[in-house]
Amino acid sequence: MLVSTKGRYALRVMVDLAEHQGDGRIPLKQIADRQDVSEKYLENILSTLVRNKVLTGMRGKGGGYRLTKDPSEFTVGQILRLTEGTLAPVACLNGTCGACPRTDECPTVGMWTQLDTLISSYLDGVTIEDLRCAPRGLDYAI
């Protein structure tokens, strides 16, 4: 599994908004400046999060973005699925290629399925609040 910049930046934005949730709506420019990401690219990421009701957004004076729920209610897995589409380590498990005709005799499908379960369990066990509160560089136990 390779997480794109879109997924990584989405997580950084979620943590940023969690850290500043007491400040009301946060303008796109402030988030972009703090995260050192272009406003144009960030706008694309934020629109995905707004469309999926993770954030609310408002334009104009007093506008900006804010989380729709407490940071403890969003998991890393949830955010990455929204931005990446899947967490599956191989295409035959991501649900987009249909049922593989070789599944019944495939010697590796069990291993890939277990890895997929481990990845999902781990990322679904880490919340945005965990990331917000953790010292930088903290290792999360599996």
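The rules behind these values
- Residues numbered from 1 in each chain as written.
- Predicted model: local features only at pLDDT ≥ 70, side-chain atom pairs only at ≥ 80, totals over all residues.
- Heavy atoms only, no water.
- Axes fitted to C-alpha atoms, helices over the stretch in contact; angles between N-to-C directions.
- Helix = DSSP H or I, 4+ residues; strand = E, 2+ residues; numbered from the N terminus.
- Parallel < 35°, antiparallel > 145°, perpendicular 65-115°, else oblique.
- Contact = heavy atoms within 4.5 Å.
- Nonpolar A, V, L, I, M, F, W, Y, C, P; charged D, E, K, R; others polar.
- Salt bridge = Lys/Arg side-chain N within 4 Å of Asp/Glu carboxyl O.
- Buried < 20%, exposed > 50% of the residue type's maximum accessible area, 1.4 Å probe, protein only.
- Phe/Tyr/Trp six-rings, centres within 6.5 Å; stacked < 30°, edge-to-face > 60°.
- Disulfide = S-S within 2.5 Å.
- Core = buried A, V, L, I, M, F, W, Y, C linked by side-chain atoms within 4.5 Å.
- Expected span 1.5 Å × (residues − 1).
- Arc of directions from axis to C-beta.
- Left-handed = near helix turned anticlockwise from the far one by under 90°.

Draft legend 1. Focus on the packing of helix α1 (residues 5-19) against helix α3 (residues 39-51). Interaxial distance between α1 and α3 falls to 10 Å at its minimum, and their mutual angle equals 75 degrees. When the axis of α1 is compared with that of α3, the two are roughly perpendicular. Contact residues: α1 offers Thr5, Lys6, Tyr9, Ala10, Val13 and Met14, while α3 offers Tyr41, Leu42, Asn44, Ile45, Leu46, Thr48 and Leu49. Split by residue class, the contact of α1 with α3 holds nine nonpolar, three polar and one charged.

Draft legend 2. Seen up close, the pattern of salt bridges. This model, assessed by the stated rule, comprises five salt bridges. Two residues, glutamate 43 and arginine 59, come together in a salt bridge whose shortest N-O distance is 3.9 Å. Highlighted residues: glutamate 43 in helix α3 and arginine 59 in the loop between β1 (55-58) and β2 (64-67), separated in sequence by 16 residues. Look at glutamate 43 and you get partly exposed, because its relative accessible area is 30%.

Draft legend 3. Local environment of the packing of aromatic side chains. What the rule picks out here adds up to one aromatic pair. Here tyrosine 9 and tyrosine 41 contribute two aromatic rings whose centre-to-centre distance is 5.7 Å and whose plane-to-plane angle is 80 degrees, an arrangement assigned as edge-to-face. One end of the pair, tyrosine 9, is in helix α1; the other, tyrosine 41, is in helix α3, and 32 residues separate them in sequence.

Draft legend 4. Just the state of the cysteines, in detail. Applying the stated rule across the entire model yields zero disulfides. Between cysteine 106, a cysteine without a disulfide, and cysteine 92, which holds the nearest cysteine sulfur, the sulfur-to-sulfur distance is 6.4 Å.

Draft legend 5. Fine view of unusual backbone geometry. Backbone geometry at aspartate 36 places phi at a positive 55 degrees, although glycine is not the residue there. On the secondary structure map, aspartate 36 appears in the loop between α2 (28-35) and α3. Unlike most non-glycine residues, lysine 53 shows phi in positive territory, near 60 degrees. Looking at the element boundaries, lysine 53 is found in the loop between α3 and β1.

Draft legend 6. Here's a closer look at the nonpolar core. Among the nonpolar cores identified, the biggest contains 30 residues, and Met14, Leu17, Leu42, Leu49, Leu55, Ile79 and Ile128 are the most heavily contacted of them. For this core, the secondary-structure elements that each account for two or more residues are α1, α2, α3, β2, α4 (76-84) and α5 (109-124). Sort the elements by how many residues they give to this core and α1 lands first, with eight residues. Every residue in contact with leucine 42, bar those within four places of it in the chain, is listed here: Val13, Leu28, Ile31, Ala32 and Val37.

Draft legend 7. Structural view of α5. A rise of 1.5 Å per residue sets the reference length of α5, with its 16 residues, at 22 Å; its end C-alpha atoms lie 22 Å apart and thus fit the reference within 8%. Among the residues of α5, Val109, Asp116, Ile119, Ser120 and Leu123 are the ones counted as buried. What you see down the axis of α5 is that its buried residues fit within an arc of 95 degrees, all on one side. In α5, the exposed residues that point more than 90 degrees away from the buried face are Gln114 and Leu118. If you follow the buried residues of α5, they end up packed against α4.

Draft legend 8. Region of interest: the packing of α1 against α4. Contact geometry of α1 with α4 gives a least axis separation of 9 Å together with a crossing angle of 135 degrees. Between α1 and α4, the angle falls in the class oblique. Between α1 and α4 lies a crossing whose hand is right-handed. For the pair α1 and α4, contact is made by Lys6, Gly7, Ala10, Leu11 and Met14 and by Val76, Ile79, Leu80, Thr83 and Glu84, respectively. Split into classes, the residues belonging to the contact of α1 with α4 amount to six nonpolar, two polar and two charged.

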